[in-house]
Amino acid sequence: MQVRPIATTVGMLRSIASCILAKEYEVIGMRQDARGFTLVELMTVIVIIGVLSAIGIPSYKGTVDKAKTEACKANRRILSTAVATYYLEHSTYYKLDSAGNPRDEVIEVADLTDYVENAEELKCPAGGNYTIIPGNDGKASSVVIRCDHEGHGDFVVFGTSD
């Protein structure tokens, strides 16, 4: 038995493999120089997509959260106009009884349908609820519309809050 060097064996295996591949290319109708992507190329593309996703997704989420906060603020601004109009007509932020006298209940968003067409549909996009809170001093400047979603806070109806 003759011992062949490893380089010769490897060379023979390469030539056999290339013959087999050449026959397979002929069977499926491909030329031998037509190649697909290598594993390294595919892995590089996957890594690049992963890096872009890692950068883009948090940025997108932050933008969506900021848009929801601004939409909530716009809704509260619409409600503040309705509350101000209610106050100008009734001189109070409390619900009125049938005789037109104020009760002990503060108006709610649903009570503003005469002033805003879709008052019941104005909801915080982030899932919060709106509450109208008059101040204890009875002044119009102390009334706020509060959103109970974290980070949305209060919106002052008149003036500024001190």
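Residues numbered from 1 in each chain as written. Predicted model: local features only at pLDDT ≥ 70, side-chain atom pairs only at ≥ 80, totals over all residues. Heavy atoms only, no water.

J.: Sorry if this is basic, but what is going on with a nonpolar patch on the surface here?
T.: A surface patch of nonpolar side chains, about 330 Å² in accessible area, is lined by L39, M43 and I46. Position of L39 relative to the elements: it lies in helix α2 (residues 39-90). (Patch = residues over 30% accessible without salt bridge, like charges linked within 9 Å, V, L, I, M, F, W, Y side chains within 5 Å. Areas by Shrake-Rupley, 256 points an atom, 1.4 Å probe, with all protein chains shown as cover. Salt bridge = Lys/Arg side-chain N within 4 Å of Asp/Glu carboxyl O. Helix = DSSP H or I, 4+ residues; strand = E, 2+ residues; numbered from the N terminus.)

J.: Can you help me understand the nonpolar core in this one?
T.: Looking at soluble globular proteins, one finds that nonpolar side chains tend to be buried together. By size, the foremost hydrophobic cluster in this structure holds 20 residues, and its most contacted members are L79, V83, L112, Y130, I132 and I145. For this core, the leading source of residues is α2, giving six residues. For L112, the contacting residues outside a window of four places in its chain are L79, A82, V83, Y86, I107, A119 and I132. (Core = buried A, V, L, I, M, F, W, Y, C linked by side-chain atoms within 4.5 Å. Buried < 20%, exposed > 50% of the residue type's maximum accessible area, 1.4 Å probe, protein only. Contact = heavy atoms within 4.5 Å.)

J.: Help me out: how do you make sense of the pattern of salt bridges in this one?
T.: Side-chain pairing between opposite charges can occur once the charged atoms of the two side chains come close. Enumeration over the complete set of coordinates arrives at six salt bridges. When the shortest N-O distance is used, the salt bridge between K95 and E108 registers 3.9 Å. Taken as a pair, K95 in strand β1 (residues 94-96) and E108 in the loop between β2 (102-106) and β3 (130-133) lie far apart in primary sequence, 13 residues in all. Residue K95 is classed as buried on the basis of its relative accessible area, which comes to 12%. For E108, a relative accessible area of 43% corresponds to the partly exposed category. Ionic pairing is found between R146 and D154, a salt bridge with its closest N-O pair at 2.6 Å. Since its relative accessible area comes to 36%, R146 is described here as partly exposed. Owing to a relative accessible area of 40%, D154 belongs among the partly exposed residues under this scheme. Each member of the salt-bridge network shares a partner with another, and the members are K95, R103, E105, E108 and D111.

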